[in-house]
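Overview (structure and organization)
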Amino acid sequence: MRVVSIKDVSFEAFKGQIFQIFLSQSSYQKHDVDTQWSYFEKWVGIYYKNWPDWFFVAVKDNEILGYICACPNSLAAIDKISFKSYHLFKEVYKDNPVHFHINVKAGITGKGIGAQLLHAITHKASSEGYKNLHIITSSHEKNVNFYHKYGFKTIASKSLGAFDLLLMRLDLGLSLPNKIDKYLQS
Ligand SMILES: CC(C)(COP(=O)(O)OP(=O)(O)OC[C@H]1O[C@@H](n2cnc3c(N)ncnc32)[C@H](O)[C@@H]1OP(=O)(O)O)[C@@H](O)C(=O)NCCC(=O)NCCS
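Keep in mind that this is a model prediction, so the values were computed, not measured.

What counts and what doesn't
- Residue indices begin from 1 for each chain and proceed along its sequence in written order.
- Note on the predicted model: pLDDT of at least 70 is required for a residue's local features to be given, and 80 or more for side-chain atom pairs to be given and counted; whole-chain, interface and lining totals, by contrast, use all residues.
- To qualify as a helix, a DSSP run of H or I must reach at least 4 residues; to qualify as a strand, a run of E must reach at least 2; elements of each kind are numbered from the N terminus.
- For this measure, only C-alpha atoms enter the radius of gyration; the expected value for a globule follows 2.2 Å times N^0.38, where N is the number of residues.
- For every residue, the other C-beta atoms within 10 Å of its own C-beta are counted; 20 or more classify it as buried, 12 or fewer as exposed, and values in between as partly exposed. C-beta atoms are placed from the backbone.
- Contact criterion: two residues are in contact if their C-beta atoms, reconstructed from the backbone, are within 7 Å.
- To estimate the expected span of a helix, subtract one from its residue number and multiply by 1.5 Å.
- The reported bend at a residue is simply the angle between two axes, fitted to the 7 residues ending at it and to the 7 residues beginning with it.
- By definition, a nonpolar core groups buried Ala, Val, Leu, Ile, Met, Phe, Trp, Tyr and Cys residues that connect through C-beta atoms lying within 7 Å of each other.
- By the convention used here, strands pair only if DSSP detects at least 2 bridges between them.
- Residues are counted as near a molecule or strand when the C-beta atom, derived from backbone positions, lies within 6 Å of that molecule or strand.
- Charged residues are taken to be Asp, Glu, Lys and Arg, nonpolar residues to be Ala, Val, Leu, Ile, Met, Phe, Trp, Tyr, Cys and Pro, and polar residues to be all remaining types, Gly included.
- Under this scheme, a helix contributes an axis fitted over its contacting stretch, all axes are lines through C-alpha atoms, and angles between N-to-C directions fall in the 0 to 180 degree range.
- Angles are sorted into four bins: roughly parallel if under 35 degrees, roughly antiparallel if over 145, roughly perpendicular if 65 to 115, and oblique for all others.
- With the far helix as reference, a near helix turned anticlockwise by less than a right angle produces a left-handed crossing, and one turned clockwise produces a right-handed crossing.

Looking at the overall build of the chain
- In terms of helices and strands, the chain carries six helices and seven strands.
- Its C-alpha atoms give the chain a radius of gyration of 16 Å, near enough to 16 Å, the size a compact globule of 186 residues would have.
- Each principal axis of the C-alpha atoms in the chain carries an extent, and together these give about 40 × 40 × 30 Å.
- Expressed as a percentage of its 186 residues, the buried residues of the chain come to 31%.
- Put simply, 69% of the contacts in the chain that link residues at least 6 apart link residues at least 24 apart.

The structure is reproduced here in structure tokens:
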């Protein structure tokens, strides 16, 4: 398995597989296919269209196992990205410009694929001189543990009734915990 830039493998060729991964990890399965694709464009396609240099996939034998995509200027992108959770945190984007979105194919999580995707995007952000990157997630999601494991800290939260939306940030410059090496060598 390797993590590569989407530009090295062609987004169009793998769009169907990336769509299936997105769908497998979303609550949109119950919708009709056209609606599912419109959600896909809103959550994933938008990143490829605007920031293809910040889009990486984990690939093995021509199969996409996961993807990570980021926007390096969240404030400037406010009129491009329409999901509500993103707009809720706009006051912090000046100091936290890079946000990302990650998914690993259902059924093969917990095998180090997310760690390798995270490594690719942190490397990209560091090499471009950014000091941090962040994700928006919910307090009830299991993925919060994944982010904690790699040193993300909650720096802002918004109450949404039963749970909180969290903006979790990773400060770059500090290396990711050594644990990630285990996955990078395999
Ligand atoms: C969150 C996600 C991207 C992590 O990718 P992954 O490939 O499953 O994670 P990894 O295998 O690289 O995890 C690395 C470490 O984090 C831990 N970890 C991963 N997911 C975890 C979870 N949900 N809860 C607790 N620990 C978790 C792993 O156990 C592993 O630790 P270990 O080395 O001690 O075993 C993936 O599980 C996923 O796509 N989940 C569903 C969709 C989702 O939540 N997307 C993110 C939206 S914000």
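Side note on helix 2 (residues 33–50)
- In this model helix 2 runs 24 Å from its N-terminal to its C-terminal C-alpha over 18 residues, within 8% of the 26 Å that 1.5 Å per residue would give.
- The largest bend along helix 2 measures about 50° and falls at Val44.

Here's the deal with the nonpolar core
- The biggest cluster of nonpolar side chains holds 43 residues, and the ones touching the most others in it are Phe56, Ile68, Cys69, Ala70, Phe100, Leu117 and Ile121.
- Once residues within four sequence positions are removed from consideration, Leu117 is found in contact with Val3, Phe56, Ala58, Gly66, Ile68 and Ile102.

Details of the environment of Gly161
- Mapped onto the secondary structure, Gly161 falls in the loop between strand 6 (153–160) and strand 7 (163–171).
- Classification of Gly161 as exposed rests on a count of 5 C-beta atoms within 10 Å.
- Taking the C-alpha atoms as reference points, Gly161 and Asp34, 127 residues apart in sequence, are found 30 Å from one another.

With respect to the pairing of strand 7
- Of the strand pairs in this sheet, strand 5 (residues 132–138) and strand 7 are connected by seven bridges, and their pairing is antiparallel. Following the sheet pairing, Leu133 is matched in strand 7 by Leu170.
- Two successive antiparallel strands, strand 6 and strand 7, enclose a turn made up of two residues, where Gly161 displays a positive phi of approximately 75°.

Quick look at the site of the ligand
- Every one of the 20 residues lining the ligand counts as a neighbour, but Thr109, Gly114, Ala115, Lys142 and Asn145 are closest to it.
- Contributions of two or more residues to the shell around the ligand are made by strand 4 (99–104), helix 4 (113–127), strand 5 and helix 5 (143–149).
- Of all the elements, helix 5 adds the most residues to the shell around the ligand, at four residues.
- Residue classes in the shell around the ligand are distributed as six nonpolar, nine polar and five charged.

A short note on the environment of Ile113
- Mapped onto the secondary structure, Ile113 falls in helix 4.
- Counting along the chain gives 55 residues from Ile113 to Ala58, while the straight-line C-alpha distance between them is 7.0 Å.
- The contacts of Ile113, once residues within four sequence positions are left out, are Met1, Ala58, Leu65, Gly66, Val104 and Ile108.

Some points on unusual backbone geometry
- Within the chain, Ser10 stands out as a residue other than glycine whose phi angle is a positive 80°.
- Among the structural elements, Ser10 can be located in the loop between strand 1 (2–5) and helix 1 (11–24).
- A positive phi is found at Asp61, a non-glycine position, where the angle reads about 45°.
- Here Asp61 lies in the loop between strand 2 (55–60) and strand 3 (63–71).
- A tally of 6 C-beta atoms within 10 Å means that Asp61 is categorised as exposed.

Some points on the packing of helix 1 against helix 2
- With their axes 10 Å apart at the nearest point, helix 1 and helix 2 run at an angle of 120° to one another. Here helix 1 is positioned oblique relative to helix 2, judged by the angle of their axes. Of the two possible hands of crossing, helix 1 and helix 2 adopt the one that is right-handed. Across the interface between the two elements, Phe11, Ile18, Phe19, Phe22 and Leu23 from helix 1 touch Gln36, Phe40, Trp43, Val44 and Tyr48 from helix 2.

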